[in-house]
Amino acid sequence: GFMEKIDGVIRHACVSYKEFPAHVDEEVTMKGMIHRIREMTGFAFVIIRTAREVVQCVYSPDFSDYRMDEKVVEGCAVKLTGKIVKDQTREDRYEMQIHNIEVLSTPAEQMPVVINKKQLDNIPLDLNLNLRPVTLRNPKERAVFKIQEGIARGFRDFLFSQNFTEIRTPKINAQGAEGGANIFKLDYFGKQVFLAQSPQFYKQMLVPVYERVFEVGPVFRAEHHDTSRHLNEYVSMDFEMGFIDSFYDIMNMETGALKYIMELLKTQYAEELALLNVDLPVIEQIPFVKFMDAKEIITKKYKKKITDYRDFEPEEEQILGKWAKQEFGSDFLFVTHYPSEKRPFYAMDDPEDPKYTLSFDLLFRGIEITTGGQRIHDYNEQVAKMRARGMNPDDFEGYLMAHKYGMPPHGGLGLGLERITMHLLGFKNVRNASMFPRDINRVTP
Ligand code: AMO
């Protein structure tokens, strides 16, 4: 008849490398990209790149009547049939003896750089980024973002297990939440609006709705300098939780999430971790220290002269990272009670000493990856703090509705996905941890 139907039942006509051991001595079909061809005498290795593996296939006229011709080149998308056998030389590896190659598509040009070695050797970062659609095909390069997937996945899975609701908040807004000069202005049909620097307002508004919320999404910062750790668009992993007893509840939730993430990486991302030689941190407990005590450690123990008592310099964070490792064997360190004047207007001041806030940063190997803390939930207190900072509460009417009509004590945090990826993988530049980075000089590809 002329009406046919689709049933949504996924049928596997092809096998993946993981299924090879179950098909030894059988003929199977596989699809993939030709990653590399190595001509030998009388035979050739045809290395096929599949979604997550690089699979060794062997062509020889002895295996079938099929004859490989000049149309079979690196970069082709192919469908192969062949027999699965144990690898003669490498233990626990399997390979395919090729019976046929069907070319599904042919590249128009040769690769602009060598991507089929284990590593993208000697390619400057700029060239790597210019050629991203190609360089990401390199096994090591793509492993970075598989691991990044694992981090974000672990964050989400853990928070789901803790009864958080996933939210998606607008990125085009009438007001910015984080202040400062790094806000992108946008012409919106003749009106000035801003790109979200964080989902701060919205995640707070949703606490009286869902109690616990999280978002993994893009945020925008107009960083005017070319630095190794700032991007103009990055992925922020945010959560916000109500009915907290103190901001230590937030630190505890983050510690739980990080433990879960590391375990997930260990069990589900072992190939990528091995490929990139990753030294996964072991998290038992994370030490915490007050901001002013940290400053004292830096001066007394490390003899560094402090010039700014409102924030840390990058070098001071490095020192604290070293201290946490030596003193507690920890790759992570929470610093708490940051000075109020350097924290945003929504941060709750410490009732015991209002010069400081009930907030924290998390340092990972000496670099900030998270900011978080308890927020003001009382309407009058929030309005007063805004006024004291010269802000007009009328400009924040939507946000302040949350406070005006009642909200529980609450707090949350923001964790930079590229930052944590960068330090987990030991990169010196955050661009290495961004698939398609946006910086002061780059908006393509
Ligand atoms: P903050 O502005 O400190 O806090 O940002 C939180 C985390 O985001 C990451 N980050 C960046 N990553 C890459 N490029 C940048 N330009 C960049 N800027 C920040 C860092 C940082 O620790 N609303 C608060 C969070 C909260 O209190 O919930 C906020 O956005 O990893």
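Here the structure is a predicted model, which means the values were calculated and not measured.

J.: A description of the side chain of Arg 221 should follow, citing residues and the corresponding values.
T.: Within the secondary structure, Arg 221 is located in the loop between β10 (212-220) and β11 (233-242). For the buried residue Arg 221, which engages in no salt bridge, the nearest side chain bearing the opposite charge is Glu 178, 5.0 Å off. In terms of polar contacts, Arg 221 uses its side chain to reach the backbone carbonyl oxygen of Gln 197, at 2.9 Å. Dropping the residues within four chain positions of it, Arg 221 is found in contact with Glu 178, Asn 182, Phe 184, Gln 197, Ser 198, Leu 231, Asn 232 and Tyr 234.

J.: Could you give an account of the pattern of salt bridges, naming the residues involved and the relevant values?
T.: Taken as a whole and assessed by the stated rule, the structure comprises 29 salt bridges. The partner of Arg 431 in a salt bridge is Asp 226, with the nearest N and O atoms 2.6 Å apart. Of this pair, Arg 431 sits in the segment after α12 (417-424) while Asp 226 sits in the loop between β10 and β11, and the two are 205 residues apart along the sequence. One salt bridge in this structure joins Lys 304 and Glu 316, with 3.8 Å as the shortest N-O distance. In this pair, Lys 304 is assigned in the loop between α8 (291-300) and α9 (314-328) and Glu 316 in helix α9, connecting sequence segments 12 residues apart. For Glu 316, a relative accessible area of 0% gives the class buried. Taken together, the salt bridges that share partners define one network made up of Lys 203, Asp 238, Glu 240 and Arg 375.

J.: Tell me what's going on with the sheet that holds strand β8 (residues 185-188), and back it up with residues and numbers.
T.: Two orientations exist for strands paired in a sheet by backbone hydrogen bonds: parallel and antiparallel. With antiparallel pairing, three strands are arranged side by side in an open sheet as β7-β9-β8. Edge positions in the open sheet fall to β7 (172-173) and β8, since each of these has one partner strand only.

J.: Could you give an account of unusual backbone geometry, naming the residues involved and the relevant values?
T.: A cis geometry characterises the amide bond from Thr 444 onward to Pro 445, with omega recorded as -10°. Looking at where Pro 445 falls in the secondary structure, it is placed in the segment after α12. Positive phi is not limited to glycine here, since Asn 163 has a value of about 65°. Looking at the secondary structure, you find Asn 163 in the loop between α3 (139-161) and β6 (165-166). Residues other than glycine seldom take positive phi values, yet Lys 303 does so here, at roughly 50°. With respect to the secondary-structure elements, Lys 303 resides in the loop between α8 and α9. Among the residues examined, Lys 303 registers a relative accessible area of 68% and is labelled exposed.

J.: Kindly report on the site of the ligand, identifying the contributing residues and their values.
T.: Taken together, 22 residues form the shell around the ligand, and within it Glu 178, Lys 203, Glu 368, Thr 371 and Arg 375 come nearest. Here a nitrogen atom of the ligand sits 2.8 Å away from a polar atom, N or O, in the side chain of Glu 178. Between the ligand and Tyr 234, the relevant distance is 3.1 Å, taken from an oxygen atom to a side-chain nitrogen or oxygen of the residue. Burial of the ligand by the protein amounts to 93% of the accessible area it has alone, namely 630 Å². Of all the secondary-structure elements, those providing two or more residues to the shell around the ligand are α4 (200-205), β17 (367-374) and β18 (410-416). The dominant element in the shell around the ligand, judged by the number of residues it contributes, is β17, at five residues. Here the residues of the shell around the ligand sort into five nonpolar, nine polar and eight charged.

J.: Before we move on, could you go through the sheet that holds β10 and cite the residues and values that matter?
T.: Spatially, β6-β10-β11-β18-β17-β16-β13-β12 is the arrangement adopted by the eight strands of the open sheet, whose pairing is mixed. Across the chains shown, the open sheet's two edge strands, defined by having one partner strand only, are β6 and β12 (288-290). In this fold α8 packs onto β12 and β13 (332-336), with an angle of close to 90° to the strand it touches most, β12.

J.: Outline the packing of α8 against α9, supporting the account with residue identities and numerical values.
T.: Running from amino to carboxyl end, α8 crosses α9 at an angle of 90°, the nearest separation of the two axes being 10 Å. Relative to α9, α8 is oriented roughly perpendicular. Note on element contacts: α9 touches α8 through Glu 316, Ile 319, Leu 320 and Trp 323, opposite Ala 294, Lys 295, Ile 297 and Ile 298. Within the contact of α8 with α9, the residues separate by chemical class into six nonpolar, no polar and two charged.

J.: So what about the environment of Pro 170? Which residues, and what values?
T.: Turning to its location among the elements, Pro 170 is positioned in the loop between β6 and β7. A relative accessible area of 38% places Pro 170 in the partly exposed class. Beyond its immediate sequence surroundings of up to four residues, Pro 170 is in contact with Ala 196 and Tyr 202.

J.: With reference to specific residues and values, describe the pairing of strand β2 (residues 44-49).
T.: The buried count for β2 comes to six of six residues, which makes it a mostly enclosed element. Burial along β2 is two-sided: Ala 44, Val 46 and Ile 48 and Phe 45, Ile 47 and Arg 49, pointing in opposite directions, are all buried. As judged from the six bridges shared by strand β1 (residues 27-39) and β2, these two strands associate in the antiparallel manner. Bridged to Arg 38 within β2 is Phe 45.

J.: I'd love a proper account of empty space enclosed by the protein, names of residues and values included.
T.: For the structure on display, the rule yields one cavity of 30 Å³ or more. The calculated volume of the largest cavity comes to roughly 60 Å³. Forming the boundary of the largest cavity are 13 residues, of which Asn 173, Gln 175, Ala 177, Ala 196 and Ser 198 lie nearest the centre. If you list the elements that add at least two residues to the lining of the largest cavity, you get β9 (191-195) and α4. A per-element tally of the lining of the largest cavity places α4 first, with three residues.

So, how was this worked out
Residues numbered from 1 in each chain as written. Predicted model: local features only at pLDDT ≥ 70, side-chain atom pairs only at ≥ 80, totals over all residues. Heavy atoms only, no water. Helix = DSSP H or I, 4+ residues; strand = E, 2+ residues; numbered from the N terminus. Buried < 20%, exposed > 50% of the residue type's maximum accessible area, 1.4 Å probe, protein only. Lys, Arg positive; Asp, Glu negative; His and termini not counted. Salt bridge = Lys/Arg side-chain N within 4 Å of Asp/Glu carboxyl O. Polar contact = N/O pair within 3.5 Å; in protein donor to acceptor, adjacent residues only side chain to side chain. Contact = heavy atoms within 4.5 Å. Pairing = 2+ DSSP bridges. Near = heavy atom within 4 Å. Areas by Shrake-Rupley, 256 points an atom, 1.4 Å probe, with all protein chains shown as cover. Nonpolar A, V, L, I, M, F, W, Y, C, P; charged D, E, K, R; others polar. Axes fitted to C-alpha atoms, helices over the stretch in contact; angles between N-to-C directions. Parallel < 35°, antiparallel > 145°, perpendicular 65-115°, else oblique. 1 Å grid on protein atoms, 1.4 Å probe; cavity = no way out; pocket = protein on both sides within 12 Å on 5 of 7 lines; lining within 4 Å. Points joined across faces, edges and corners; volume = space filled by probe spheres on them.

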